[in-house]
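Below, each chain spelled out in residue letters.
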Amino acid sequence: MIELGVNIDHIATIRQARRGHEPDPLKAALLAEEYGADAITLHVREDRRHMQDDDVRRIRPAISTRLNFECAVVEGMLRLVEEIQPQDVCFVPERREEVTTEGGLDVIGGFHLIAPAVARLQDQGMRVSLFIDPEPDQIEAALRCGAKAVELHTGAYAHAVGARLDHELARVRKAADFGFSEGLRVNAGHGLNYENVSAIAAIESITELNIGHSIVANSVFLGWEGAIRTMKEKMVTSRLQALRPR
């Protein structure tokens, strides 16, 4: 069944607004597991705008599911990952001036840096995923890198309307099917919310969706439990409907 990785970055964003202690990302992670999360996702950015190193050091040994650690392919982050030893690592592109990740990792252009980093972490037992746009050539490059998984960037789909929406959905589906057929674990995420998640969750070749901002935002109205359970229910319902014989 499709899995939900709850991204808790924006719990830390709220905390950092006052540079205090509340809300605590560790508490958010533990409750997220209780409410149905299959993994806890977080992104330690180089500028430490939300998640801090100490957050990850506290969260990793405390959770009972999986930690999906997102980071840039830079030496400082690789050393932190090696210290923390998460189950999953997702390499993402990162620019300090961006508000959030604006596109997928260029695995083709950065192959000389990405491939050794993938091998370095997977040799230590971590599963490495590459956050990429839903393009066949990037999937092929991920395969050449030796990555065990990819996460398809769904931002273009999330922001599309009209005929463009159908095009972007078909693009994600085609990429997911291709990656799955080549033996990759295929995850997806970025910009997914309660209105647009169902069509992506229905794609049978996608194993996991990583969703953060929409869940955190809607927890203001639904509570943390309600926000997570509602998202998970939408995902599972959509997948079950897709699996029914026609």
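Quick summary incoming for the structure in this document.

Conventions used here
- Residues numbered from 1 in each chain as written.
- Predicted model: local features only at pLDDT ≥ 70, side-chain atom pairs only at ≥ 80, totals over all residues.
- Heavy atoms only, no water.
- Buried < 20%, exposed > 50% of the residue type's maximum accessible area, 1.4 Å probe, protein only.
- Helix = DSSP H or I, 4+ residues; strand = E, 2+ residues; numbered from the N terminus.
- Pairing = 2+ DSSP bridges.
- Right-handed = clockwise from strand over helix to strand, strands pointing away.
- Axes fitted to C-alpha atoms, helices over the stretch in contact; angles between N-to-C directions.
- Parallel < 35°, antiparallel > 145°, perpendicular 65-115°, else oblique.
- Left-handed = near helix turned anticlockwise from the far one by under 90°.
- Contact = heavy atoms within 4.5 Å.
- Nonpolar A, V, L, I, M, F, W, Y, C, P; charged D, E, K, R; others polar.

### A word on the pairing of strand 5 (residues 127-132)
By the criterion of burial, strand 5 is predominantly enclosed, with five of the six residues buried. Alignment of strand 4 (residues 88-91) against strand 5, held across four bridges, turns out to be parallel. Residue F91 lies in a different strand from strand 5, and its bridge partner there is L130. Bridge analysis of strand 5 against strand 6 (residues 149-153) gives four bridges, and the strand direction is parallel. Paired with I132 across the strands is L152, a residue of strand 6. As a crossover connection, the stretch from strand 5 through helix 6 (residues 136-145) into strand 6 is right-handed.

### So, the packing of helix 2 (residues 25-34) against helix 10 (residues 213-243)
One can describe the packing of helix 2 onto helix 10 by two numbers: an axis separation of 9 Å at closest approach and a directional angle of 50 degrees. By the criterion of interaxial angle, the relationship of helix 2 to helix 10 is oblique. Helix 2 and helix 10 meet at a crossing whose hand is right-handed. Residues A28, L31, A32 and E34 of helix 2 touch helix 10, and the partners they reach there are W224, I228 and R229. The residue makeup of the contact of helix 2 with helix 10, split by class, is five nonpolar, no polar and two charged.

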